[in-house]
Amino acid sequence: MVRAMFDRIAPRYDLLNRVMTFGLDMPWRRATVASLRLPSGSIVADVACGTGDFCRLLTEAGFWPIGLDFSWGMLALARTDSALVQADALALPFGTDSVHGATSGFALRNVLDLEAMFDELARVIRSGGRIALLEVAEPDMALLRA
C-alpha cells in the first residue's frame, strides 16, 4: 500500500515537500548532509531516496551516494546521476560493513518496523561510519501546526 502511494505521488513529491515544509526541506537536507562529517569519497546509502534530492547534495559534498527506494515511480523520476537501486529499507542490498554512511529523509514515518531498519543500517555501516536521518515533527507553534 505504501509503495503504491509513493508510485502515485512521485510526479508531485518534490512540490509536496517544498509546500509542506515552507521550502525548508532543502536547507534541512544540506544540514543533514553536513552532519555526516565523513571524508570526501565516502560511500553513502540514501535510504528511501525518492527523487534524489539527498543524492544530488551528497554528490555536491564529495560523497559517492547510492540511492535506494522501494518505489519504482520515485526511482523513475529521480534527478540524479547516482547509482539507484530498488530496495526495501528492511533488507538493504549491501554486505555487512560495506558503506561509510547513510541518510534518509522524511521516511521514518512510513517504515513498518523501525527497529529492523535500524538493525539493517547498523549492519551495513562500517565501524566509525555515520547515519543522518531527517524527519519532521508536529510544530510547537499553533499557526504552523494548523
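This one's a predicted model, so the numbers in the text were calculated from it and none came from an experiment. (Residues numbered from 1 in each chain as written. Predicted model: local features only at pLDDT ≥ 70, side-chain atom pairs only at ≥ 80, totals over all residues. Heavy atoms only, no water.)

1. Regarding the layout of surface pockets
Operational definition: Each cavity reported here is a set of points on a 1 Å grid over the protein atoms alone in which a 1.4 Å probe fits but cannot get out, each pocket an open set with protein on both sides within 12 Å along at least five of seven lines, and each lining residue one with an atom within 4 Å of a point. Grid points are joined across faces, edges and corners, and a volume is the space filled by probe spheres set on the points. To qualify as a helix, a DSSP run of H or I must reach at least 4 residues; to qualify as a strand, a run of E must reach at least 2; elements of each kind are numbered from the N terminus. Classification convention: Asp, Glu, Lys, Arg as charged; Ala, Val, Leu, Ile, Met, Phe, Trp, Tyr, Cys, Pro as nonpolar; all other residues, Gly among them, as polar.
A volume near 410 Å³ is recorded for the largest pocket. Every residue lining the largest pocket is counted, 25 residues in all, and those nearest its centre are Val2, Ala48, Phe70, Asn110 and Val111. Of all the secondary structure elements, the ones that give two or more residues to the lining of the largest pocket are α1 (2-9), β2 (64-69) and β4 (99-105). For the lining of the largest pocket, the residue count by class is 18 nonpolar, 4 polar and 3 charged.

2. Some points on helix α4 (residues 53-60)
Our working definition: Only protein chains enter the accessibility calculation, which uses a 1.4 Å probe. A residue is then buried if its area is under 20% of the maximum for its type, exposed if over 50%, and partly exposed in between. When checking whether two residues touch, look at their non-hydrogen atoms; a contact exists if any pair is within 4.5 Å.
When α4 is considered as a whole, its buried residues turn out to be Asp53, Phe54, Cys55, Leu57 and Leu58. Looking at the packing, one finds that the buried side of α4 touches α2 (13-20), α3 (25-35), β1 (43-47), β2, β4 and β5 (125-134). Positive phi appears at Gly62, one or two residues downstream of α4, with a value of about 95 degrees.

3. Things to note about the packing of aromatic side chains
Selection rule: Centres within 6.5 Å are what make two rings of Phe, Tyr or Trp a pair, Trp counting through its six-membered ring; a difference in plane orientation under 30 degrees is then read as stacked, over 60 as edge-to-face, and the rest as tilted. In this scheme, Lys NZ or Arg CZ marks a charge over a ring once it lies within 6 Å of the ring centre and within 35 degrees of the ring normal.
Using the criterion set out here, one finds 0 aromatic pairs in the structure. Directly above the ring of Phe54 sits Arg29, whose terminal nitrogen or CZ lies 5.3 Å from the centroid.

4. Looking at the side chain of Ser42
For clarity, the threshold we go by: Polar contact is the term for a pair of N or O atoms within 3.5 Å; when the atoms are in protein, one must be able to donate a hydrogen and the other to accept it, and sequence-neighboring residues count only if both atoms are side-chain atoms.
Along the chain, Ser42 turns up in the loop between α3 and β1. By relative accessible area, Ser42 is classed as buried at 4%. One polar contact links the side chain of Ser42 to the main-chain carbonyl oxygen of Pro39, over a distance of 2.7 Å. Setting aside its immediate chain neighbours within four residues, Ser42 contacts Phe63, Trp64 and His100.

5. What about the sheet that holds β1?
The test is simple: One bridge is not enough; two strands pair if DSSP finds at least two bridges between them. Axis lines are fitted through C-alpha atoms, for helices just across the contact stretch, and the angle between N-to-C directions can take any value from 0 to 180 degrees.
Ordered in space as β3-β2-β1-β4-β5, the 5 strands form an open sheet in which the pairing is parallel. A strand with exactly one partner marks an edge of an open sheet, and here the two such strands are β3 (83-86) and β5. With strand direction ignored, the average angle separating the axes of adjacent strands in the sheet is 20 degrees. Pairing analysis gives 6 bridges linking β4 to β5, with the strands arranged parallel.

6. Thoughts on the pattern of salt bridges
What counts, and what does not: A pair is scored as a salt bridge if a Lys or Arg side-chain nitrogen falls within 4 Å of a carboxyl oxygen belonging to Asp or Glu.
Across all of its chains, the model carries 6 salt bridges by this definition. The salt bridge partner of Arg56 is Asp53, with a shortest N-O separation of 2.2 Å. In this pair, Arg56 and Asp53 both sit in helix α4, 3 residues apart, roughly one turn of the helix. Overall, Asp53 belongs to the buried group, its relative accessible area being 3%. In the salt-bridge network here, residues are joined through shared partners; they are Asp25, Arg29, Asp53, Arg56 and Arg79.

7. Looking at the pairing of β3
Pairing of β2 with β3, which is carried by 4 bridges, proceeds in the parallel orientation. Paired with Leu68 across the two strands is Val85, which belongs to β3.

8. Observations concerning the nonpolar core
As a reminder of what qualifies: Only buried residues count toward a nonpolar core, which is a set of Ala, Val, Leu, Ile, Met, Phe, Trp, Tyr and Cys residues joined through side-chain atoms within 4.5 Å.
Counting 16 residues, the largest nonpolar core has Tyr13, Val33, Leu36, Val44, Leu58 and Phe63 as its most contacted members. A per-element tally of this core places α4 first, with 3 residues. Beyond its immediate sequence surroundings of up to four residues, Leu58 is in contact with Val33, Leu36, Val44, Asp46, Phe63, Pro65 and Thr103. Core analysis: the next-biggest nonpolar cluster, separate from the first, contains 15 residues, Val47, Ala87, Val111 and Ile125 among them.

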